[in-house]
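Here is how the chains run, residue by residue.
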Amino acid sequence: VFIIGFYGIARIYSPSSFGDLVELKEISLEEEKTRSLKYAGSSDCLDCHIEFFEWNNSMHQNISCESCHKAGIFHGEINNNGPEVKVEKCRSCHNNSISITPSMTKVEKEFCEICHILDIKPDVEIAPQVDSKNHSRNLECIICHDMHYPRIRLDLPPFIPHLTEDKPDCRLCHSEGGDFTIFTEKHIERPNNICRICHNVSAGNKEEIPHILRGRFDCLFCHDTESIDPLDVDHPAIPIGEDSCLNCHAAGGIKPRSSEHTQTFVRKDLCRECHGIFGIYPFSDDHVERDVETCLKCHKRNEV
Amino acid sequence: LRKIHRRDFIIKGTAGVIIAVIGVSGPIFLKTKQIEAEESEEKNKERVIWGFFIDSEKCIGCGLCAKACKIENEVPLEPEYNRTWIERYIVGKNKEILVDSPNGGIDGFPELNYKENIEKSFFVPKLCNQCDNSPCIQVCPVGAHYMTDDGVIIIDKDRCIGCSYCIQACPYGARYLHPSEHTADKCNLCYHRISQDLNPSCVEVCPVEARIFGDLEDQNSEIRDLLKIERTNVLKPHLGTKPKVFYKGIQEGVR
């Protein structure tokens, strides 16, 4: 009687999973699977922050949004259990113009140096190592670099081949039925006012400036004779001023330096753009007649 | 009282014991067979074995992974509790190896001020190696650790009694005793994320793609491609733990 009684009481008070290893494992696994996520992933961010859609074509393409920004759960410092936030409150911090992205906050130089400080790693392929004293005279990085597009790549995106100052609405000419290139399929959904974030206006087909010009007006502020990429000694003697650079140079592409040539060589027809008769390091007399296509037969990449 | 003959007693007694043994063990035997059959059916469906590839040559020691892990898995912020961390190996000119990992590498690493004596230095991210032949599962006295069908070792927090045997048994030091839950804790490859087809949080935030996560059974996965191309090693291979975390670019002395 005692044994049967004990067994009965034990059965009543033991959980059904007692002794059943398979069931215990399933319960534990289920608990583990249903834990809350803190990091959302970049694709979720881009659902709303559409103006950064081309981030994955930039040099920072491998860096997830949440590597630099906080984890998704801290989004706007609220989460699902937090207080309800009214739209007026959002607008007090967020720009009204493009989407709901906050206006640009100051990015300290030290933040960039987490990856880019000289001596962390000798391998420049991964993250270019920068000696900030010589590179930027201790200026803040964001003066020259956009964090999302630190240097726009050569093949993306195409230039706008005309001036745009008097043409604020791209869709007027470039929508279906128009006479000009229409928006491609993946561009149709994109708002009209973000075109020029990626597409720079080409002011000519001379040597191209390898960065966007948004917000930068004084070329010689950075490119004087002793700081970043100073003017080459062989530079044609033309009047140098704020505007004159842009008469010949367009933003967004190549520059004639050995480290950049691996990219330039993708388009062999560009050799003459920089190295023509009057360009930088011009073709010598016996080379003038030669076809551009043959340059690479003698000149190896690492020699240029 | 009827006298029982000795021969009858032995025959009837033996028969009774045999019937009792079959009666008790039969259902257990059948159930075990059934479970085995179910398990093999599941295995035949689509076998996934999660693995991890770490390119030590790419790691720049920024510490974003260790920080993300603490946030994602609510790991205590004190320096001694880490599911993943980064170690800096400093090889001196005299071949002596120094290892440091201040706060698990979360705040980065202090600049070395004795560079002239250093041959080289490199970073090695560490995490639970998800061993196929894991010592932690073997030593747990209450069976709180188990390996899932996809090869991840999970701690059942409801069963763990916090005896710390596993912490001592782990040859990679990948475990800690949670200060408030009083149970063992370690990396489980963000099981809640990978079961939703997301990357573990450390992989998600790594800016240099030094951490690659994927299915070791899938011939077309990135991790399989890397393992085919690169020459990799595991930590402490001589222990026979069969880790599923593979390292590229580590040298003798990395443990």
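Before reading on, note that the structure itself is shown above.
Note that the coordinates shown come from a computational prediction; the quantities given were computed from them, not determined experimentally.

### As for unusual backbone geometry
Residue and element names in this part refer to chain B.
Item 1. At Glu-74, a position not held by glycine, the phi torsion is positive, near 50°.
Item 2. Among the secondary structure elements, Glu-74 is positioned in the loop between helix 2 (64–73) and strand 2 (85–92).
Item 3. For Glu-74, a relative accessible area of 54% translates into the label exposed.
Item 4. Although it is not a glycine, Lys-236 sits at a positive phi angle of roughly 45°.
Item 5. Topologically, Lys-236 is positioned in the loop between strand 10 (232–233) and strand 11 (245–248).

### With respect to the side chain of Arg-211 of chain B
Residues and elements named next belong to chain B.
Item 1. In this fold, Arg-211 is placed in strand 9 (residues 211–215).
Item 2. For the buried Arg-211, no salt bridge is present, and the opposite-charge side chain at shortest range is Glu-87, 11 Å distant.
Item 3. At 2.8 Å, the side chain of Arg-211 and the side chain of Thr-84 are in polar contact.
Item 4. Once you skip the residues sitting within four places of it in the chain, Arg-211 turns out to touch Phe-52, Phe-53, Ile-54, Cys-65, Thr-84, Pro-125, Lys-126, Leu-127, Cys-202, Val-203 and Cys-206.

### Some details on the nonpolar core
All names here are of chain B.
Item 1. Counting residues in hydrophobic clusters, the biggest one holds 47 residues, and the most contacted among them are Phe-52, Leu-127, Leu-189 and Tyr-247.
Item 2. Elements that contribute at least two residues to this core include exactly strand 1 (50–55), helix 2, strand 2, strand 4 (118–126), helix 5 (191–194), helix 6 (201–205) and strand 11.
Item 3. Considering each element in turn, this core owes the most residues, four residues, to strand 2.

### Points about the interface of chain B and chain A
Item 1. Taken together, the 40 residues of chain B in the interface contact 29 residues of chain A.
Item 2. Across the chain B to chain A interface the summed buried area is about 3,000 Å²; carbon plus sulfur atoms make up 56%.
Item 3. Our count for the contact surface shared by chain B and chain A stands at one salt bridge.
Item 4. Ionic pairing is found between Lys-38 of chain A and Glu-74 of chain B, a salt bridge with its closest N-O pair at 3.0 Å.

### Topic: the packing of aromatic side chains
Residue and element names in this part refer to chain B.
Item 1. In this structure the tally under the stated criterion is six aromatic pairs over all chains.
Item 2. Ring plane angle 5° and centroid distance 5.7 Å describe the contact between Tyr-89 and Phe-122, whose orientation is recorded as stacked. Remark: Phe-122 occurs in strand 4 and Tyr-89 occurs in strand 2; sequence separation between them is 33 residues.
Item 3. Tyr-89 gets classed as buried once you look at its relative accessible area, which sits at 4%.
Item 4. Under the relative-accessibility criterion, Phe-122 is labelled buried at 9%.

### Considerations on helix 2 (residues 21–33) of chain A
Item 1. Spanning 13 residues, helix 2 of chain A covers 18 Å between terminal C-alpha atoms, matching the ideal 18 Å at 1.5 Å per step.
Item 2. When helix 2 of chain A is considered as a whole, its buried residues turn out to be Leu-24, Ser-28, Leu-29 and Glu-32 of chain A. On an axial view of helix 2 of chain A, the arc spanned by its buried residues comes to 130°, and they lie on one face.
Item 3. In this structure, the buried residues of helix 2 of chain A make contact with strand 5 (145–147), strand 6 (153–155) and helix 5 of chain B.

### Here we look at the sheet that holds strand 11 of chain B
All names here are of chain B.
Item 1. The sheet built from four strands is open, its strands ordered 9-1-11-10 with mixed pairing. Single-partner strands in this sheet number two, and they are strand 9 and strand 10.
Item 2. Here two bridges tie strand 10 to strand 11, and the two strands are oriented antiparallel to one another. Paired with Thr-232 across the two strands is Lys-248, which belongs to strand 11.

### Things to note about the side chain of Lys-126 of chain B
Item 1. Residue position: Lys-126 of chain B is located in strand 4.
Item 2. Aside from chain neighbours lying at most four places away, what touches Lys-126 of chain B is Arg-83, Thr-84, Trp-85, Glu-87, Tyr-89, Arg-211, Leu-235, Tyr-247 and Arg-255 of chain B.

### Points about the pattern of salt bridges
Item 1. For the structure shown, the criterion picks out 14 salt bridges over all chains.
Item 2. A salt bridge links Glu-32 of chain A to Arg-35 of chain A; the shortest N-O distance between them is 2.4 Å.
Item 3. The exposure class assigned to Arg-35 of chain A is partly exposed, which follows from its relative accessible area of 24%.
Item 4. Overlapping salt bridges bring together Asp-55, Glu-57, Glu-230 and Lys-248 of chain B as one network.

### Some details on the pairing of strand 2 of chain B
Residues and elements named next belong to chain B.
Item 1. The buried fraction of strand 2 amounts to eight of the eight residues, a majority that puts the element mostly inside the structure.
Item 2. Neither face of strand 2 is left uncovered, since the one carrying Trp-85, Glu-87, Tyr-89 and Val-91 and the one carrying Ile-86, Arg-88, Ile-90 and Gly-92 both have all their residues buried.
Item 3. Taken together, the eight bridges between strand 2 and strand 4 define a ladder with antiparallel strand orientation. Residue pairing for strand 4: Ile-86 is matched across the bridge by Pro-125.
Item 4. The pairing of strand 2 with strand 3 (residues 97–100) spans four bridges and is classified as antiparallel. Paired with Val-91 across the bridge in strand 3 is Ile-97.
Item 5. Two successive antiparallel strands, strand 2 and strand 3, enclose a turn made up of four residues, where Lys-95 displays a positive phi of approximately 70°.

### Re the sheet that holds strand 4 of chain B
Each strand in a sheet pairs with its neighbour through backbone hydrogen bonds, running either in the same direction (parallel) or in the opposite one (antiparallel).
All names here are of chain B.
Item 1. What the three strands build is an open sheet, ordered 3-2-4; its pairing is antiparallel. The open sheet has two edge strands, strand 3 and strand 4, and neither has a second partner. Neighbouring strand axes in the sheet, compared pairwise and without regard to direction, differ in orientation by 20° on average.

### Quick notes on the state of the cysteines
Item 1. Applying the stated criterion to the full structure yields zero disulfides over all chains.
Item 2. Lacking any disulfide linkage, Cys-140 of chain B is separated from the closest cysteine sulfur, that of Cys-163 of chain B, by 6.1 Å.

About the thresholds
Residues numbered from 1 in each chain as written. Chains lettered and ligands numbered in written order. Predicted model: local features only at pLDDT ≥ 70, side-chain atom pairs only at ≥ 80, totals over all residues. Heavy atoms only, no water. Helix = DSSP H or I, 4+ residues; strand = E, 2+ residues; numbered from the N terminus. Buried < 20%, exposed > 50% of the residue type's maximum accessible area, 1.4 Å probe, protein only. Lys, Arg positive; Asp, Glu negative; His and termini not counted. Salt bridge = Lys/Arg side-chain N within 4 Å of Asp/Glu carboxyl O. Polar contact = N/O pair within 3.5 Å; in protein donor to acceptor, adjacent residues only side chain to side chain. Contact = heavy atoms within 4.5 Å. Core = buried A, V, L, I, M, F, W, Y, C linked by side-chain atoms within 4.5 Å. Buried area = accessible area lost by both parts, 1.4 Å probe. Phe/Tyr/Trp six-rings, centres within 6.5 Å; stacked < 30°, edge-to-face > 60°. Expected span 1.5 Å × (residues − 1). Arc of directions from axis to C-beta. Pairing = 2+ DSSP bridges. Axes fitted to C-alpha atoms, helices over the stretch in contact; angles between N-to-C directions. Disulfide = S-S within 2.5 Å.

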